[in-house]
Amino acid sequence: MSARIVVTGKIPSAGLNALHDAGLSPITWDHEHQITRAELLEFVKGAEVLITLLTEKVDDELLDAAGSQLKGVCNVAVGYNNIDVAACTRRNVRVTNTPGVLTDATADIAFGLVLMVTRRLGEGERVIRSNQPWQWGMNFMLGVGIQNRQLGIIGMGAIGVATARRAKAFGMSIAYFSRSPIDKKIAEELNATQLSLDDLLASSDVVSVHCPSNDATHHLIGAAQFKMMKQTAFLINTARGPIVNEQQLVDALDAGEIAGAGLDVFEFEPKVNAGLLTRENVVLIPHLGSATQETRAAMATLAASNAIAISNSQKPPTPVN
Ligand code: GLV
């Protein structure tokens, strides 16, 4: 009997086909509604490998519900803050993610937010869509140019580097804060300056968050950090919501401590702090970083390769633990 591979939400057919080609018969949650927690706890029973989405919390309760035959949890996302990796490791459950395949898609969205918020594109759209009278004018809806301004990257992994490359092509200078050293060649290519977090916050015109979300980075950006930023600076977050204290971001915007924000992720997703919704100097998009057809197919295929390797008791291509 083939291994029980349980897929907790709809994934692109490329991933399912890869599983079928490997002789596996995945069981997929294919109801219209997103699986509820109670349904999830029931659905994962007896699974040998779980293929999970970032909306599913994998914790002790879920691992207990799955059972002791569980060998792997393959997240269809590069971020895996939805998974209690230590709990998985304690049970010899392998965890995998999908790095690499969503780098460009996410960097595109990060840089798109930079352009949107600095040039007031969302606000401009709202002017037209709300039928407000408008006329070209020398002083009409002026934004700020990004050329010769500094982009400060927090977390210089693959997505941080890809975002920096885009910014450099637009004439920005690059500074970064990263706990792990980056390739010397990349630092040279980008002419990038490594700074402490405080120095990066104090000197950057745009700050873009690209680090993983974990205990060490929870609320890494909050009231104290907004006070360090320039009043003319913008914050971009395409990483994970909990890295930024969302209420303190609203407070900082209210106090004029920073000039605006572009957000693809939210602290209590899918809820968005009401204080953000009415602000013109904030761009809000619904977690679209990896949302292209090609990228989602590649993510599903990589997650399937991880699941196939685990079910064959081989080392998966992109393990986390
Ligand atoms: C998307 O947010 C991801 O982590 O892949």
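Residues numbered from 1 in each chain as written. Predicted model: local features only at pLDDT ≥ 70, side-chain atom pairs only at ≥ 80, totals over all residues. Heavy atoms only, no water.

1. Overview of the domain arrangement of the protein chain
Now for step 1: Partitioning the protein chain into domains gives domain 1 (5-100 + 293-311) and domain 2 (103-284).
Now for step 2: Centre-to-centre separation of domain 1 and domain 2, based on C-alpha positions: 31 Å.
Now for step 3: In this complex, domain 1 contributes seven residues to the contact, which on the side of domain 2 involves five residues.
Now for step 4: Between domain 1 and domain 2, a total of about 460 Å² is buried, with carbon and sulfur atoms accounting for 45% of that surface.
Now for step 5: On the domain 1 side of the contact with domain 2, Leu-54, Asn-81 and Gly-100 bury the most area, a combined 70% of that side's loss.
Now for step 6: Our count for the domain 1 to domain 2 interface comes out at zero salt bridges.
Now for step 7: In this assembly, domain 1 and domain 2 are joined by two residue pairs in polar contact (both at pLDDT 80 or more).
Now for step 8: The class makeup of the residues in the side of domain 1 that touches domain 2 is three nonpolar, four polar and no charged. (Domains from an automatic or database assignment. Contact = heavy atoms within 4.5 Å. Buried area = accessible area lost by both parts, 1.4 Å probe. Salt bridge = Lys/Arg side-chain N within 4 Å of Asp/Glu carboxyl O. Polar contact = N/O pair within 3.5 Å; in protein donor to acceptor, adjacent residues only side chain to side chain. Nonpolar A, V, L, I, M, F, W, Y, C, P; charged D, E, K, R; others polar.)

2. Here we look at the site of the ligand
Now for step 1: Around the ligand, a shell composed of Leu-54, Ala-77, Val-78, Gly-79, Leu-102, Arg-240, His-287 and Met-299 is seen.
Now for step 2: A distance of 2.8 Å separates an oxygen atom of the ligand from a polar backbone atom of Gly-79.
Now for step 3: Interatomic distance of 2.6 Å between a side-chain N/O atom of Arg-240 and an oxygen atom of the ligand.
Now for step 4: Protein chains shield 91% of the accessible area of the ligand, which is 200 Å² for the free molecule.
Now for step 5: Its residues assigned to classes, the shell around the ligand comprises five nonpolar, two polar and one charged. (Near = heavy atom within 4 Å. Areas by Shrake-Rupley, 256 points an atom, 1.4 Å probe, with all protein chains shown as cover.)

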